[in-house]
Amino acid sequence: MTLPAPYPPLTTGGEGLDAYPTRPEALAARMADLYGVAADQVLPTRGLTHGLELVWRLAARDGLKVQAPEAEPYQGLAALYARPAEQAETAAVVVRALGSSEAVAEMAERVAPALLVVDEGLVEFADSASAASVVKDHANLIVLRSLSLAYGLAGARVGAAVAQPQTLARLGGVLEPYALPEVSVRLALQALDPSRMIETAERIDGVRRERARVVEALARLMPLEAGVGPVIIARPTDPVAVVEALRRYGLTADAAGERVRLPVSLKPEVNDRLLVALGAAAPKVRRSRLGQAVRDTKETRIVCAVDLDSPGPVKIETGVGFFDHMIEQVAAHGGFSIRLSCEGDLHTDPHHTIEDSAIALGQALKQALGERKGIQRYGFVLPMDEANAAISIDLSGRPYPVFEGAFATPFIGGYRTDLTAHVIRSLAENLGAAIHVTVSGDDDHHKTEAVFKALGRALRQAIRIEGDVVPSTKGVL
């Protein structure tokens, strides 16, 4: 039995880290659900490279070799088959993702009894499906997955080997004790929480769109190789000059021989810097106004992201249908993108879900506004049938909520009408804005909807860019 540390660490969030980590069964189950396989077909690892290391250990233990062709997979295997004596000494063949499950299945049969190890570190960014779908049919197939790039956890080092249980048992035979730190497990479970999936999918799609844009611009200047993910492989005439040009713009690139690995960011302004550095675009002045907030409490788990300069996508999932509809109204009438996902304790009451979602939305809007240069700052009166909502907003950086109005109906669906004033207060405090609301009318549905629509219209007016300076005599908001 391994004794724990005599006391917990002097860190925040370090509860339980005085004990050695247990088997990451919860993480294996979540990964299995994500990859569409059974839980006993997933072995969590310290990233994709750790999975490769286990394959090499297995081969070394048995006195065999690992083949890792650098050429295209089928070309590399053709060379391997030309040396049957060497193939007999091969424990495993490592290849990159092949593009289709049929190709993986065919190759698994061709290399048997050796293991076929498929590197799928970037499969989330690719058009092809994961080879994990055919693991159940091939005992010699191992698919390596990673949370490094698609889930932003490169520093946490978390990945997985996906294979049949008996194959994972072989890898487990060369696995060191306490292979995956508890901190990494906790971070991975947070990143893979269902409340994160909307924003993760949008991030991946955003990188793919940005990659396509950058490739189109660079293809006119230098040869590019096929690939996926947040990296573009280029063959410039002077790789050293390209790396130096990017360094002057605060960007890092890797040069290896004639090839240069160019980074692709989710943020368009970062990719614009890359294009400017390489002479593929003219300089741009304005930054993208993107904001994101992550909020985890004992009652809620929330991710919220906004793009003030794009009308979409708009995806709201809080579990409170009417509230989802109201935030959609804010986005539609505000003319900007909101993605908000919340896993809350709705079994007790919608209060925490609604309040914390408003807090996260306010934080994301605040981040997106940045220094608030050039914004109109003020902004709205909106009638809806017999109801009338008047909202005055000042994006001053100083929170001050005022709400005048009452609701006779306690609930609209699962939404508590008394929380409308609470939403305004949470937004004002976390956005840093004075928001004054007056609402009147007979129908509480109309009154509530008028408030949220007017809020969207007020924000649409206030966030509009009309200059390049901070709209204040103080010079700062």
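Our structure is the block above this text.
Here the residue numbers are simple positions, counted from 1 along each chain's written sequence. Given that this is a predicted model, residues contribute local features only at a pLDDT of at least 70 and side-chain atom pairs are listed and counted only at 80 or more, while totals for whole chains, interfaces and linings are drawn from all residues. With hydrogens and water set aside, each side-chain value is computed from the structure's full complement of heavy atoms.

**Q** Looking at this structure, I do not really get the environment of P181. What am I missing?
**A** Elements are defined by DSSP. Helices are runs of H or I of four residues or more, strands are runs of E of two residues or more, and each kind is numbered from the N terminus. Along the chain, P181 falls in the loop between α6 (165–172) and α7 (182–191). Relative accessible area serves as the criterion here: at 37%, P181 is assigned to the partly exposed category. Taking the C-alpha atoms as reference, P181 lies 50 Å from G379; in sequence the two are 198 residues apart. We call a residue buried when its accessible area falls under 20% of the maximum for its residue type, exposed when it is over 50%, and partly exposed in between, using a 1.4 Å probe and counting protein chains only.

**Q** Can you help me understand the packing of aromatic side chains in this one?
**A** To describe a pair of aromatic rings, one takes the distance between the centres and the angle between the planes. Pairing of aromatic side chains here covers Phe, Tyr and the six-membered ring of Trp, requires ring centres within 6.5 Å, and sorts the geometry by plane angle: under 30 degrees stacked, over 60 edge-to-face, intermediate tilted. With the rule as written, the count across this model stands at six aromatic pairs. An angle of 5° between the planes, with centres 6.0 Å apart, marks the rings of F323 and Y415 as stacked. The two residues F323 and Y415 agree in class, both being buried. Ring centres of Y415 and F452 lie 6.5 Å apart, and the angle between their planes is 75°; this geometry places the pair in the edge-to-face category. Of this pair, Y415 sits in strand β18 (residues 415–416) while F452 sits in helix α14 (residues 444–462), and the two are 37 residues apart along the sequence. Residue Y415 is classed as buried on the basis of its relative accessible area of 0%. Among the aromatic residues, those joined into a ring-pair cluster are F322, F323, Y415 and F452.

**Q** Hey, could you run me through the pattern of salt bridges in this one?
**A** Think of it this way: side chains of opposite charge can pair up when their charged atoms draw near. One side-chain nitrogen of Lys or Arg within 4 Å of one carboxyl oxygen of Asp or Glu is enough to make a salt bridge. This model, assessed by the stated rule, comprises 32 salt bridges. Of the charged contacts, one joins R248 and E244 as a salt bridge, the two residues approaching to 3.8 Å between their closest N and O atoms. With R248 and E244 both in helix α9 (residues 239–248) and four residues apart, the pair spans about one turn of that helix. With relative accessibility at 59%, the residue R248 sits in the exposed group. A cluster of three or more residues bridged by salt bridges with shared partners is formed by R46, E53, R57 and E176.

**Q** Any chance you could explain a negative patch on the surface here in plain terms?
**A** Note that patches include only residues with greater than 30% relative accessible area and no salt bridge, and the join distances are 9 Å for like charges and 5 Å for nonpolar side chains (Val, Leu, Ile, Met, Phe, Trp, Tyr). Each accessible area value is a Shrake-Rupley result obtained with a 1.4 Å probe; residue values ignore everything except the protein chains displayed when judging cover. Two residue types count as positive, namely Lys and Arg, and two as negative, namely Asp and Glu; His and chain ends fall outside the count. Lysine's charge is taken at NZ, arginine's at CZ, aspartate's at CG and glutamate's at CD. A cluster of acidic side chains, namely D385, E386, D442 and D443, defines a negative patch on the protein surface. Structurally, D443 can be placed in the loop between β19 (434–440) and α14. Residue classification places D443 among the partly exposed residues on the basis of a relative accessible area of 31%.

**Q** Explanation requested: the pairing of strand β10 (residues 290–296) in the structure shown.
**A** Sheet faces and side chains relate simply in a regular strand, where the side chains alternate between the two faces. With seven bridges connecting them, β10 and strand β11 (residues 300–307) associate as antiparallel partners. By the bridge assignment, A293 is partnered in β11 with C304. Here β10 folds back onto β11, and the loop between the two strands holds three residues. The pairing criterion for strands is at least two bridges between them, as found by DSSP.

**Q** Would you mind going over the packing of helix α12 (residues 351–369) against helix α13 (residues 419–431) with me for this structure?
**A** Describing two packed helices takes the angle between their axes plus the distance from one axis to the other. Only the contacting stretch of a helix is used when fitting its axis, a line to C-alpha atoms as for every element, and angles between N-to-C directions run 0 to 180 degrees. Running from amino to carboxyl end, α12 crosses α13 at an angle of 30°, the nearest separation of the two axes being 8 Å. In this view, α12 runs roughly parallel relative to α13, as classed from their interaxial angle. Pair α12 / α13 crosses with right-handed handedness. Contacts between α12 and α13 involve H351, I354, E355, A358, I359, L361, G362, Q363, L365, K366 and L369 from the first element and L419, H422, V423, S426, L427, N430 and L431 from the second. For classification purposes, an angle smaller than 35 degrees is called roughly parallel, one larger than 145 roughly antiparallel, one from 65 to 115 roughly perpendicular, and anything else oblique. Crossing chirality is assigned from the near helix's rotation relative to the far helix, an anticlockwise turn below a right angle marking it left-handed and a clockwise turn marking it right-handed. Residue contacts are counted whenever heavy atoms from the two residues lie within 4.5 Å of one another.

**Q** Quick question: what am I supposed to make of the packing of α13 against α14 here?
**A** In the contact formed by α13 and α14, the axes pass within 11 Å of each other and the chain directions differ by 20°. It follows that α13 is roughly parallel to α14 by the angle criterion. Taken as a pair, α13 and α14 cross one another with a handedness that is right-handed. Contacts between α13 and α14 involve T420, V423, I424, L427 and L431 from the former and T448, V451, F452, L455 and L459 from the latter. For this classification, Asp, Glu, Lys and Arg are treated as charged, while Ala, Val, Leu, Ile, Met, Phe, Trp, Tyr, Cys and Pro are nonpolar and the rest, including Gly, are polar. In terms of residue class, the contact of α13 with α14 is made up of eight nonpolar, two polar and no charged.

**Q** Sorry, what's going on with the sheet that holds strand β9 (residues 259–263) here?
**A** Two strands in a sheet stick together by hydrogen bonds in their backbones, pointing the same way (parallel) or opposite ways (antiparallel). Spatial ordering of the open sheet is given by β7-β9-β8, a layout of three strands whose pairing is antiparallel. Each having just a single partner strand, β7 (231–234) and β8 (254–256) make up the two edges of the open sheet. This sheet shows a mean twist of 20° between the axes of neighbouring strands, independent of strand direction. The pairing of β8 with β9 spans three bridges and is antiparallel. Residue pairing for β9: A256 is matched across the bridge by R259.

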